[in-house]
Amino acid sequence: MTGPATGTATGTAPAPAAPAPAPAAPPASSVPAAPDASSVPVASPAPSPPSADPGVDIARRATADPLFRLVSYALESAHGRPPAAVWSAPYAFHLGSPHLVAAAGWPVAAAAAPRTDGLVRLSSLGHPADGCDVPLTLSGPPPATPAWAVRPYALLRAMARAGYGRGGTDLHVQGSLTPAAGLDTAEATDCAVALAVADVHTGAGEEPDRAHLARLMARALPDGDEALRRAVLYARPGRALLLGRGSRPRESRRQRQRYVAFDPADSGARLVLLAVRAGPGGAHGPADGAAHRAADLAADLARAVECARRAGALSIWPPGRRPGRSVLALLPEARLAAVRAAVAEDFRGRERPVPRFLNIAVAGAARREE
């Protein structure tokens, strides 16, 4: 699972307030219901010891993925010590249904090192001026943190109450895409943080308990998308995850999810993310200007969808639970250039910023980077 070290290949695309016309879900033929024989995957490589580990030297390994080298180096640079574990977690998306999800080959990375003084130190290259050092309190009002760190701190607090990292943690987080790309970022970040922190506070040779961490995240961060979270934790390359409700109230989640084949490349198709971008600001005031920009972006997204369909896209749908700043498009590989050209020509003709296209590979679950 690889991706660029920072930024987004799609450019920026602020979210419209008004949704585009409801796009069609993927056709049944594009996501064949061919269940995999196995259930939830056995999790990936065993973690290193949390205290004796001298540090994961990914930063100095020339063959390592640039994102993981960067996040490892950034934690050492910001906090003066190498990480004990680096985890990657893929962004996830819906496939036109709330119960059918998959993971994208673009990850969030989290590097963690355990502490013993009850301090949490959080940093991110996405927020270089907003790192923070705060005490890890298990109850009462949380300490003041920068806006981006509120969610990671809430998760660390819940994990400490469950026995993970009560002594504190140094943590650095970095994504390969920005929120402007249009994929939900919260679930991938939550899972990367939870797995990295659990790893450095789990015994040698033990894999963090993903099901237990999923329950912790559901309680600590109830606004998250559980379906996307399960895709991040349990996805497989070239497979979509079909989530069922189970026939009995206490039925195991292992019995309520199965894998179906979904690999566009195998059928000569491509899956792309199409993201619209904001144009130059107008003369409106802050509130009116935001409303006008949101309306413009919603109209642009609808126009891009129309152009893509006319040029040969097979199916187009929002990647999240609701329409937003981008759509996913499934199209024949032979029509990719034509679709991109049609969208670009229409937007240039109207003097609007040309939307960005990002190739999406159907990837596997979160894993420890060695």
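Placed above this text is the structure.
Reading the values: rules and limits
Residues numbered from 1 in each chain as written. Predicted model: local features only at pLDDT ≥ 70, side-chain atom pairs only at ≥ 80, totals over all residues. Heavy atoms only, no water. Helix = DSSP H or I, 4+ residues; strand = E, 2+ residues; numbered from the N terminus. Buried < 20%, exposed > 50% of the residue type's maximum accessible area, 1.4 Å probe, protein only. Contact = heavy atoms within 4.5 Å. Areas by Shrake-Rupley, 256 points an atom, 1.4 Å probe, with all protein chains shown as cover. Phe/Tyr/Trp six-rings, centres within 6.5 Å; stacked < 30°, edge-to-face > 60°. Lys NZ or Arg CZ within 6 Å of the ring centre and 35° of its normal. Core = buried A, V, L, I, M, F, W, Y, C linked by side-chain atoms within 4.5 Å. Pairing = 2+ DSSP bridges. Axes fitted to C-alpha atoms, helices over the stretch in contact; angles between N-to-C directions. Salt bridge = Lys/Arg side-chain N within 4 Å of Asp/Glu carboxyl O. 1 Å grid on protein atoms, 1.4 Å probe; cavity = no way out; pocket = protein on both sides within 12 Å on 5 of 7 lines; lining within 4 Å. Points joined across faces, edges and corners; volume = space filled by probe spheres on them. Polar contact = N/O pair within 3.5 Å; in protein donor to acceptor, adjacent residues only side chain to side chain.

Enquirer: Explain the overall build of the protein chain to me, and be specific about the residues and the numbers.
Expert: Helix and strand counts for the protein chain come out as seven helices and 13 strands. Expressed as a percentage of the 370 residues in the protein chain, the buried residues total 51%. By sequence separation, contacts in the protein chain at least 24 residues apart represent 75% of the contacts at least 6 residues apart. On the protein chain, roughly 15700 Å² of surface is accessible, and the fraction owed to carbon and sulfur atoms is 53%.

Enquirer: Explain the packing of aromatic side chains residue by residue, including any values.
Expert: Tallied over the entire structure, the rule returns zero aromatic pairs. We note R236 situated over the ring of Y259; from NZ or CZ to the ring centre the distance is 4.2 Å. Positioned above the aromatic ring of F347 is the side chain of R350, whose terminal nitrogen or guanidinium carbon lies 4.6 Å from the ring centre.

Enquirer: Account for the nonpolar core, naming residues and giving values.
Expert: Counting 71 residues, the largest nonpolar core has F93, L122, M159, L171, L213 and I360 as the members making the most contacts within it. The dominant element in this core, judged by the number of residues it contributes, is helix α3 (residues 186–200), at 10 residues. In this view, L122 contacts H79, G131, C132, W148, A149, Y153, L156 and L171; residues no more than four positions away in its chain are not counted. Membership of the second largest hydrophobic core comes to 22 residues, among which are V276, A304, V327 and F357.

Enquirer: Can you explain the sheet that holds strand β11 (residues 356–359)? Please cite residues and give values.
Expert: Reading across the sheet, the four strands line up as β9-β10-β8-β11 and stay open at both edges, with antiparallel pairing between neighbours. Edge positions in the sheet fall to β9 (315–317) and β11, since each has one partner strand and no second. Strand-to-strand, the axes of this sheet are offset by a mean angle of 25°, without reference to chain direction. Two elements, β9 and strand β10 (residues 326–332), share three bridges in a ladder whose sense is antiparallel. Looking at the pairing, S315 lines up with L330 of β10.

Enquirer: Give me the lowdown on the pattern of salt bridges, citing residues and values where you can.
Expert: For the coordinates displayed, the defined rule picks out 19 salt bridges. Linking R310 and E306 is a salt bridge whose minimum nitrogen-to-oxygen distance equals 2.8 Å. Note that R310 and E306 are positioned in helix α6 (residues 286–311) at a spacing of four residues, about one turn of the helix. R310 gets classed as exposed once you look at its relative accessible area, which sits at 57%. Its salt-bridge partner being R350, residue D346 comes within 3.1 Å of it at the nearest N-O pair. Residue class for R350 comes out partly exposed when judged on its relative accessible area of 30%. One continuous salt-bridge network, built from bridges that share partners, spans R81, R115, D117, R121 and D170.

Enquirer: Lay out the layout of surface pockets in plain terms, naming residues and giving numbers.
Expert: Summary: where empty space remains is shown by rolling a probe the size of a single water molecule over the atoms. Here the largest pocket is characterised by a volume of approximately 470 Å³. Lining of the largest pocket is provided by 22 residues; of these, S124, H127, G175, P179 and T189 occupy positions nearest its centre. For the lining of the largest pocket, the secondary structure elements donating two or more residues are α2 (150–161), β5 (168–175) and α3. Size it by volume and the second largest pocket reaches roughly 400 Å³. In terms of lining residues, the second largest pocket is bounded by 17 residues, among which G182, L183, D184, T185 and R325 are the most central.

Enquirer: I'd like to hear about the environment of V108, residue by residue, with values.
Expert: Tracing the backbone shows V108 in strand β2 (residues 100–114). Measuring from C-alpha to C-alpha, the distance between V108 and G175 comes to 4.1 Å, with 67 residues separating the pair along the chain. Sequence-distant contacts of V108, defined by excluding residues within four places in its chain, comprise W87, S88, A89, Y91, V173, Q174, G175, A188, T189 and A192.

Enquirer: Please set out the side chain of D346 residue by residue, giving values where relevant.
Expert: Tracing the backbone shows D346 in helix α7 (residues 336–349). Of note is the side chain of D346, whose polar atom sits 3.1 Å from the side chain of R350. Among residues more than four places away in sequence, those in contact with D346 are R303 and C307.

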